[in-house]
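What follows is each chain in one-letter form.
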Amino acid sequence: MTMKETAVQYLDNNLDRFTQLSDLIWDNPENRFHLPISAQALIDALSEAGFEIQREIAGMPDAFIATWGTGKPVIGFLGEYDALPNLSQVADLVQKQPQIPGESGHGCGHHVLGTGALAAALAVKEALAGDEAKATIRFFGCPAEEGGSGKAFMARAGVFDGLDAIITWHPMTENRIWGTSSLANFQVYFNFKGTSAHAAAAPHQGRSALDAAELMNIGVNYLREHILPTARVHYAYVDAGGPAPNVVQPTASLLYFIRAPRSLEVKEIYDRVVKIAQGAALMTETQLEIVWDSACSEYIVNDRLGRVMYANMEALGEIDYTQEELDYAKAYWNSLDEASQNNAKGSVRNIYFNSDKAELEQIMASPIARKLAPYKVTDEAIPGSTDVGDASFNAPTVQLTSACYPLGTAPHSWQWVACGKSTMVHKGMLYAAKAMAMTALDLLNDPQALLEAKAEFDDRLGDQRYKCYIPDEVQPR
């Protein structure tokens, strides 16, 4: 057998093992930087396969690096395993019903993301037949993609230095290359402190932190007209000063997300937002404290690696779903309102941009998008952020999405949590693992492809070099 055939056979033979691992992580949803059960489950699987483990990476107890091999090139796989708060959901139920009200759930598929990347790393090792001198395989256990930007802290610590290529994926609703950039993002708290007073008897003695927060928000809303159309600024009240209207609120806290296609553009907007916050504090005679949470960079696409991966996705063909799985997916499609279904159809038209009307109707007739989307790479940014961007500034990076979830269902939804342990999702994970393993083997056997990917990487960066905007004193929390 060829090395690719060995890797694919290994993954097919061990699907039950990887299914059990992803289901274990689904059963124990953990958030941000506190992921002891999920991290340990992945570490145990890697240790059993002979990988050397380094723990507590970049100040994060549940971040780790698993390494096998000693040779060149060095290929890295990125794994995520964090869940989302307040998304608990009963598995396989076609209606919103929390398993445990108020608890977390895997609404972005990271339970299969980490497991699928791990499976690919193990398959590559298997294909190399134990010859550690042929390559070095590293699996990066990355906490807190959701809101914490764990990879940014890892990149700041130099964790991704020395890699020749980075490979990863994300479960989605279609099979395609991730060929677009993403929005860089700053996540910052603006905390105001004032003076409490009786709002009726002695309002003149109070200094309202809530007034300061509201004035800041008003100022930022006026700013929106004067920033890049592709930028996004949004906020949430973390503390509104309490429930008593007859008290001048002494505290108020806002969490701001500031996004733009480039980190430098985010920095420019952030500086203006800070001035508005300072002005709000001045107007209300309150004190302002700025506390950084995290930040992430834009994603740097790599066309050369994308074409290598796409060829392997073409070779794999369509995922074979049973009628039972198609009926299962159809039930979740039917759970969507008409507007969501129409939006999904519009998305299909955009993704399959080279298809005629008849082919589009055929694609949309299935509740799972089985057809491989046409290849497309662009520097345009999707309206979202990922800390994979920070890794992509350190080595040529490629990622794919696979059809794990029913057409039209959205990330961070109860539908995604409900489907998380289904055979449909497991098949999408297996497909992704195969494509990633095959891509890694191509790169190991074709030094020229790696050289061309590196040349493109250098060209895209130009004079720009990675900068982590998270202040040095800010640590993961």
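Residues numbered from 1 in each chain as written. Predicted model: local features only at pLDDT ≥ 70, side-chain atom pairs only at ≥ 80, totals over all residues. Heavy atoms only, no water.

S.K.: Even after reading the chapter, I still don't get the pattern of salt bridges, so can you show me in this structure?
M.R.: A side chain with one charge can pair with a side chain of the opposite charge if their charged atoms come near. Under the counting rule described, the total for this entry stands at 17 salt bridges. Of the charged contacts, one joins arginine 307 and aspartate 303 as a salt bridge, the two residues approaching to 3.1 Å between their closest N and O atoms. Of this pair, arginine 307 and aspartate 303 both sit in helix 8 (residues 303-316), separated by four residues, roughly a single helical turn. Residue class for arginine 307 comes out partly exposed when judged on its relative accessible area of 48%. Linked through salt bridges whose partners overlap, the residues forming this network are Glu80, Lys151 and Asp387. (Salt bridge = Lys/Arg side-chain N within 4 Å of Asp/Glu carboxyl O. Helix = DSSP H or I, 4+ residues; strand = E, 2+ residues; numbered from the N terminus. Buried < 20%, exposed > 50% of the residue type's maximum accessible area, 1.4 Å probe, protein only.)

S.K.: Explain helix 3 (residues 36-48) here, please?
M.R.: Each α-helix turn comprises 3.6 residues. Residues three or four places apart therefore point the same way. Between its first and last C-alpha, helix 3 extends 18 Å over 13 residues, near the 18 Å set by a 1.5 Å rise per residue. Within the span of helix 3, buried status applies to Ser38, Ala39, Ala41, Leu42, Ile43, Ala45 and Leu46. Just downstream of helix 3 lies glycine 50, where phi reads positive at about 95°. (Expected span 1.5 Å × (residues − 1).)

S.K.: Where do I start with the environment of methionine 216 in this structure?
M.R.: Assignment of secondary structure puts methionine 216 in helix 6 (residues 209-223). Accessibility expressed as a relative area gives 0% for methionine 216, which makes it buried. In sequence terms methionine 216 and glycine 279 are 63 residues apart; their C-alpha atoms lie 7.8 Å from each other. The residues contacting methionine 216, other than those within four sequence positions of it, are Phe190, Phe192, Leu254, Tyr256, Val273, Ile276, Ala277 and Ala280. (Contact = heavy atoms within 4.5 Å.)

S.K.: Got a minute to help me understand the sheet that holds strand 6 (residues 176-177) in this structure?
M.R.: Each strand in a sheet pairs with another by means of backbone hydrogen bonds, the pair being arranged parallel or else antiparallel. Ordered in space as 1-2-4-3-5-11-6, the seven strands form an open sheet in which the pairing is mixed. Each edge of the open sheet is held by one strand with a lone partner, namely strand 1 (52-57) and strand 6. Here strand 1 pairs with strand 2 (residues 60-69) via five bridges, running antiparallel. Each bridged residue has a counterpart across the sheet, and for glutamate 52 the counterpart in strand 2 is threonine 67. Across the sheet, helix 14 (residues 423-445) lies against strand 3 (74-80), strand 5 (165-172) and strand 11 (397-403), angled at about 165° from strand 5, the strand it touches most. (Pairing = 2+ DSSP bridges. Axes fitted to C-alpha atoms, helices over the stretch in contact; angles between N-to-C directions.)

S.K.: Which parts of the structure should I look at to understand the pairing of strand 3?
M.R.: The side chains of a regular strand alternate, first on one face of the sheet and then on the other. Judged by how many residues are buried, strand 3 sits mostly within the fold: seven of seven residues are covered. Side chains of strand 3 alternate between two faces, with Val74, Gly76, Leu78 and Glu80 and Ile75, Phe77 and Gly79 buried alike. For the crossover that starts at strand 3, traverses helix 4 (residues 110-127) and ends in the parallel strand 4 (residues 136-142), the hand is right-handed. One ladder, built from three bridges, connects strand 3 with strand 5; its direction is parallel. (Right-handed = clockwise from strand over helix to strand, strands pointing away.)

S.K.: In this structure, what is going on with the sheet that holds strand 7 (residues 184-193)? I would like to understand it.
M.R.: Strands sit in the order 8-9-7-10 across an open sheet of four strands; the sheet is antiparallel. The open sheet terminates on both sides in strands that have one partner only, identified here as strand 8 (232-239) and strand 10 (287-296). Looking at each pair of strands side by side, their axes are set apart by 20° on average, direction ignored. Where strand 7 and strand 10 come together, nine bridges link them in antiparallel fashion. Within strand 10, the position partnered with valine 188 by the bridge is tryptophan 292. Across the sheet, helix 6 touches strand 7, strand 8 and strand 9 (251-260), and the angle it forms with strand 9 is around 20°. Across the sheet, helix 7 (residues 263-284) lies against strand 7, strand 8, strand 9 and strand 10, angled at about 10° from strand 7, the strand it touches most.

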